[in-house]
Amino acid sequence: MTGVASLAPWLGGALVVSGVAVGVSRRRELIVRWCAWAGGVPVVIAAFWWGRPGVALLAGVAAVIAVLEFGALTRLPRADRAVLATAVPGLIVAAAWAPDEAWRVGAVGAFALAAIPLVTDDAEQGLRRLGTSLLGLVWLGTLAALAPLGTVALALFAAVSVADVVAFFAGQRLGGPRLSRLSPAKRWSGALCGAAAGLGVLALLSVWNWPTAAAVAVGGPAGDLLESLVKRGAGAKDSGQWLAGSGGLLDRIDSLIGALVIVIVLG
């Protein structure tokens, strides 16, 4: 298995190459987005270098931010957001240090989310709140796989990041049929080119196998479209406004979450 020390130069190289491509494009939006990534990639590498505690901490912080963005998008009441923001990190901690108990932690979280509309006698919005909260628990709880997967998760992060960039540029250049009405700007040409680039990254990092290949080629685009579905339902363009050039954190990790789902199912 490729270690963090072996992956770091590849991630740094990809960052440099993408920076050159973005600089040549002279598009301010892409330059700002690249600068945000230039600050985030070293943090991700440092967390994985630290080991399981670092990855769990990174996943926990990302989970809380993602829950807050998800809660704002779906207009969950504050009580529901607070419980969800506790349940998802709890699942991450359990998966990192007590994996046999992760299902119990998830069940407790689901019960707590169900209890809120019950104790508040919410007959009008209770079902919607419960369904939305459970979606958030299952969807964002997938981040709990980061610590157990270790460097495989870091390789997936690199692969889906490269795939997203290539898909963006290739889709614009090549055009063609739309990938989905959920995200009209995305094209099949971009998705296929992005998948090929992501698979190439997996091969370079020596982590290519059928689960990781399916994760990058299928899970990445599916995760992106799932977030588009949530945003469409909320009538929003981005999950947030705080991340320079990128909207919110969910806009940046949606493909990774989708890839993690495939690895969990097929692994």
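Located above this text is the structure these notes cover.
Residues numbered from 1 in each chain as written. Predicted model: local features only at pLDDT ≥ 70, side-chain atom pairs only at ≥ 80, totals over all residues. Heavy atoms only, no water.

Visitor: Residues and numbers for unusual backbone geometry, please.
Guide: Trans peptide bonds make up the majority, and among non-glycine residues the majority have a negative phi. Phi at Asp121 takes a positive value of approximately 55 degrees, unusual for a residue other than glycine. Assignment of secondary structure puts Asp121 in the loop between helix H5 (102-119) and helix H6 (126-140). The phi dihedral of Ser206 falls on the positive side, at around 60 degrees, and the residue is not glycine. You can see Ser206 is positioned in the loop between helix H9 (188-204) and helix H10 (210-234). Take Ser206: its relative accessible area is 56%, and that puts it in the exposed class. (Helix = DSSP H or I, 4+ residues; strand = E, 2+ residues; numbered from the N terminus. Buried < 20%, exposed > 50% of the residue type's maximum accessible area, 1.4 Å probe, protein only.)

Visitor: Let's hear about a nonpolar patch on the surface: which residues, and what values?
Guide: A contiguous nonpolar patch, built from Val261, Ile264, Val265 and Leu266 and spanning about 360 Å² of accessible area, is present on the exposed surface. For Val261, the location among the structural elements is in helix H11 (residues 250-266). (Patch = residues over 30% accessible without salt bridge, like charges linked within 9 Å, V, L, I, M, F, W, Y side chains within 5 Å. Areas by Shrake-Rupley, 256 points an atom, 1.4 Å probe, with all protein chains shown as cover. Salt bridge = Lys/Arg side-chain N within 4 Å of Asp/Glu carboxyl O.)

Visitor: Pulling in residues and values, what's your account of the side chain of Asp254?
Guide: Mapped onto the fold, Asp254 is located in helix H11. Put simply, Asp254 is tucked away with no salt bridge, and the nearest opposite charge, on Lys231, sits 5.7 Å away. (Lys, Arg positive; Asp, Glu negative; His and termini not counted.)

Visitor: Residues and numbers for H6, please.
Guide: The end-to-end C-alpha distance of H6 is 21 Å, a good match for the 21 Å that 15 residues give at a rise of 1.5 Å each. Those residues of H6 lying buried are Gly126, Arg129, Thr132, Ser133, Gly136, Leu137, Trp139 and Leu140. In this structure, the buried side of H6 is in contact with helix H3 (52-74), helix H4 (78-97), H5, H10 and H11. (Expected span 1.5 Å × (residues − 1). Contact = heavy atoms within 4.5 Å.)

Visitor: Can you explain the packing of aromatic side chains? Please cite residues and give values.
Guide: If you walk through the whole model with that rule in mind, you get three aromatic pairs. When the ring of Phe168 is compared with that of Phe169, the centres are 5.5 Å apart and the planes differ by 90 degrees; the resulting orientation is edge-to-face. On the accessibility criterion, Phe168 (26% relative accessible area) is partly exposed. Measuring from centroid to centroid gives 5.1 Å for Trp208 and Trp210, while their planes differ by 65 degrees, and the two rings are edge-to-face. By relative accessible area, Trp210 is classed as exposed at 66%. (Phe/Tyr/Trp six-rings, centres within 6.5 Å; stacked < 30°, edge-to-face > 60°.)

Visitor: Break down the environment of Gly60 for me, with residues and values.
Guide: Residue position: Gly60 is located in helix H3. In sequence terms Gly60 and Pro89 are 29 residues apart; their C-alpha atoms lie 5.0 Å from each other. Discounting chain neighbours no more than four positions away, the residues touching Gly60 are Pro89 and Ile92.

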